[in-house]
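# Examination of the molecular architecture
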Amino acid sequence: MRHIISILLENEAGALSRVSGLFSARAYNIESLTVAPTEDPSLSRMTIVTSGSSDVIEQITKQLNKLVEVVKVVDLFEAPHIERELMLIKVRANAKDRDDMKRMSDIFRGRIVDVSEDTYTIELTGTGQKLDSFIEALGSSVILETARTGACGISRGQRVLRI
Amino acid sequence: MELTGAEILIKCLQAEKVEYVFGYPGGAVLYIYDELFKQNKVKHVLVRHEQGATHAADGYSRSSRKVGVALVTSGPGVTNAVTGIATAYMDSIPMVIISGQVPTHAIGLDAFQECDAVGITRPCVKHNFLVKDVKDLALTIKKAFYLAATGRPGPVLVDIPKDVTTDKCKFEYPETITMRSYNPVVKGHTGQIKKAVQLLLEAKRPMIYAGGGVILSDAAPQLTKLVRMLGFPCTNTLMGLGGFPATDKHFVGMLGMHGTYEANMAMQNCDVLVAIGARFDDRVIGDPAHFGQVPRKIIHIDIDPSSISKRVKVDVPIVGHVPDVLDDLIKLIDASKQRPEAKALAAWWEQIKLWKTKDCLRYDRKSKIIKPQFVLEKLYEITKGDAIITSDVGQHQMWAAQFYKFDKPRRWINSGGLGTMGFGLPAAMGAQMANPDASVVCVTGEASFQMCIQELSTCKQYRLPIKIVNLNNRYMGMVRQWQQFFHGNRYSESYMDALPDFVKLAESYGHIGISIDKPADVEPALKEAFKRKDELVFMDFITDQKENVYPMVGGGKGLTEMILAEEL
């Protein structure tokens, strides 16, 4: 089953490779991994989308907690949560289908952030599924390039991940 | 006053009361060696290969409960040390490894003797550091010793670039340290402990299974007390030998792949199992699905939450420092009026006695060729069970574990997790350094011994009177045994057709060598060797080539699917 694991860890050189090394060494799956410093620059927050049985997920959280630089680990799937991913997608937008492209972007609540003679670059956020649907709706013939961040997530309501 | 990084490092080691550093010099650590030279509080032991340095620091730690320290240079120095670091990691041994690194400005430029020490060792250390600024050095060393020794112990590597050893700053060594990201749980959960007590008192076929965690946390007194007050059977893993006295009537022997018949049967058929500082690994319980076929309640006490419910689901997990948790358990049992049902326990012991009648460790005592088991029985008698035994890896290791009865912890030193051939001799050096008055014996085989044979030279330099028991069967015995059992007697590459004359070899290193090829000569040779209190004696026992270790649970088989001697 798919899980999103959020990690607070010391913002130090090498911390990322300890986490990614753990996943490869113990043959756990990584679907996506994002990381950036938090409002407290001494800490980074990492979001890992992984999959596995409940036993495997339990081991993943235990093994992550064991890493010396990891401060806190939470499995967002334990409670209601919000998940978002950002995609930048560059599409072919010639004179004849420029309007179509704009309409499509609006339907998915994307924003056109760059325009050239033959292209649009659209910014789109949402769940991974929404981004997949957008790609499917456009069709591969018009897509020139995509860049996706991987998911990041946060718990709903009062639940917070902080030290 | 400002000090150089090298001076600061030595001051840190002194502050940590480090007695010995096992190491080998090289370009990147020359300033550190220069400072070592100028003082005499921290003694340096010069090994002949960096693998030896890490194993020696490891043996020192295992036999003394102190943190072992190794010092190696950059590049090949640290890559040679990796086997020893991984060995210590698998067995949770507290060690600090200092490695030299090329100067900070040269890192990443493929400099001479450069390697990514932190990257290479990352998967086999508890933690590691690259010190880029001399101002961070003292705090990093403090952290390294703290991390190595607390929680579930393990090796910690500190990589120090050469320019950091010459840069200067003010020296201040912190007395205490806290890390927000590292807070190992010590105290066991009271509610869980109460649940465990209830299960123990209601058990009809109980079993106590204790591993290396009991040795590492010095919980042998508590374990012994608990077993005796409950009257339950107790087994130790390979790593746990000595955690409970082997001569006690409650001890049913080691369990696992080469465990006793009675220990494996009791482990499989118990109704309440207490796992203490152990981790249900593949060499201990075999196939977890087979193990799970019998319903039983499992209590698991361990400092490391990730060891709990990893291979086997447990009912009552208790995370904590083993001696503290056992103290709490003992207190609650003392306070309870309830006692385990005597009739059921007596019936259980009857069953175990019946299993014991298999006499699973028997061997041919009338053999005209030396049986390895016989050598170990004699070694046990002659040393009165009081020696520190190190071993290499293979058949000899299993026979030593089966036939030497360890009554005390930290007397049995072997590479259980990683299974590192070449471990025995350097580990014995560390053990002898830590225990200068003890009899230290390295039980080895002719294949393992040659993997770190160069350390015979170190033994000479430091006059280490280690006694080496070489069970020489002219085969990589355990490989040959597997090939006999599971590969149709095809002894692929397990035979060594160019063995050295070990007696002459020992002599060339300045030691005493004895060759023994008759059973009648075993005892006199051992006696003669132990008379020579100040000398290293290499005893080359020419043993039965085709002897096997029994019982045996084949790889991936169920714990009770044992091959016994009679069945072949």
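Before any of the text, the structure's been laid out above.
Worth saying up front: this structure is predicted, and the values here are computed from it rather than measured.

Residue and element names in this part refer to chain B. Note on placement: L241 falls in the loop between β10 (234-236) and β11 (251-254). What makes L241 buried here is its relative accessible area of 5%. Along the chain, L241 and F406 lie 165 residues apart, while their C-alpha atoms are 6.3 Å from each other.

Next up on the list: the pattern of salt bridges. Under the criterion given, the structure shown has 42 salt bridges over all chains. The partner of A:K90 in a salt bridge is A:E145, and the shortest N-O contact between them spans 3.8 Å. Residue A:K90 is found in strand β5 (residues 81-92), and its partner A:E145 is found in strand β8 (residues 143-148); the two are separated by 55 residues along the sequence. For A:K90, a relative accessible area of 31% puts it in the partly exposed group. For A:K96, the salt bridge is made with A:D97, and the minimal N-O distance between the two is 3.7 Å. Relative accessible area serves as the criterion here: at 75%, A:K96 is assigned to the exposed category. Each of A:D55, A:E58, A:K62 and B:K313 takes part in a single network of salt bridges with overlapping partners.

Residue and element names in this part refer to chain B. Taking strand neighbours across the sheet as the criterion, the six strands line up as β3-β2-β4-β5-β7-β6 in an open arrangement whose pairing is parallel. This sheet does not close on itself; its edge strands, each paired only once, are β3 (43-46) and β6 (127-130). Going across the sheet, the axis of each strand differs from the next one's by a mean of 20°, ignoring polarity. Sheet topology places β6 next to strand β7 (residues 155-161); four bridges connect them, and they run parallel. Paired with F129 across the strands is V158, a residue of β7. Its contacts with the sheet put helix α4 (residues 76-90) on β4 (68-72), β5 (95-101) and β7, and the angle it makes with β7 is roughly 160°.

One broad trend across soluble globular proteins is that nonpolar side chains are buried collectively. Judged by nonpolar contacts, the single largest core of 101 residues is most densely connected at B:I276 and B:F280. When residues no more than four places from it in sequence are discounted, the contact partners of B:I276 are B:I208, B:Y209, B:A210, B:G211, B:V214, B:L223, B:L226, B:I301, B:V322 and B:L326.

This part takes up a nonpolar patch on the surface. Residues and elements named next belong to chain A. A cluster of nonpolar residues, L86, L88 and V113, forms a patch on the protein surface that exposes about 210 Å² of accessible area. Position of L86 relative to the elements: it lies in strand β5. We classify L86 as partly exposed; its relative accessible area is 30%.

What follows deals with the sheet that holds strand β17 (residues 440-445) of chain B. Residues and elements named next belong to chain B. What the six strands build is an open sheet, ordered β16-β15-β17-β18-β20-β19; its pairing is parallel. Two strands bound the open sheet, and with one partner strand each, they are β16 (412-413) and β19 (512-516). Judged from the five bridges that link them, β17 and strand β18 (residues 467-472) form a sheet pairing that is parallel. Residue pairing in the sheet places C442 in a bridge with I468 of β18.

Right, let's get into the interface of chain A and chain B. Opposite the 19 residues of chain A that make contact, chain B presents 17 residues. Summed over both partners, the interface of chain A with chain B comes to about 1500 Å²; 45% of that surface belongs to carbon and sulfur atoms. Linking chain A with chain B are four salt bridges, by the criterion used here. Among the salt bridges present, the one from B:D304 reaches A:K66, with a minimum N-O distance of 2.8 Å. Where chain A packs against chain B, one counts 11 residue pairs in polar contact (both at pLDDT 80 or more). Elements represented by at least two residues in the side of chain A that touches chain B include exactly α1 (15-25), α2 (54-66) and β4 (70-75) of chain A. It is α2(A) that contributes the most residues to the side of chain A that touches chain B, six residues altogether. Residues that form the side of chain A that touches chain B fall into these classes: six nonpolar, five polar and eight charged.

Definitions and cut-offs
- Residues numbered from 1 in each chain as written.
- Chains lettered and ligands numbered in written order.
- Predicted model: local features only at pLDDT ≥ 70, side-chain atom pairs only at ≥ 80, totals over all residues.
- Heavy atoms only, no water.
- Helix = DSSP H or I, 4+ residues; strand = E, 2+ residues; numbered from the N terminus.
- Buried < 20%, exposed > 50% of the residue type's maximum accessible area, 1.4 Å probe, protein only.
- Salt bridge = Lys/Arg side-chain N within 4 Å of Asp/Glu carboxyl O.
- Pairing = 2+ DSSP bridges.
- Axes fitted to C-alpha atoms, helices over the stretch in contact; angles between N-to-C directions.
- Contact = heavy atoms within 4.5 Å.
- Core = buried A, V, L, I, M, F, W, Y, C linked by side-chain atoms within 4.5 Å.
- Patch = residues over 30% accessible without salt bridge, like charges linked within 9 Å, V, L, I, M, F, W, Y side chains within 5 Å.
- Areas by Shrake-Rupley, 256 points an atom, 1.4 Å probe, with all protein chains shown as cover.
- Buried area = accessible area lost by both parts, 1.4 Å probe.
- Polar contact = N/O pair within 3.5 Å; in protein donor to acceptor, adjacent residues only side chain to side chain.
- Nonpolar A, V, L, I, M, F, W, Y, C, P; charged D, E, K, R; others polar.

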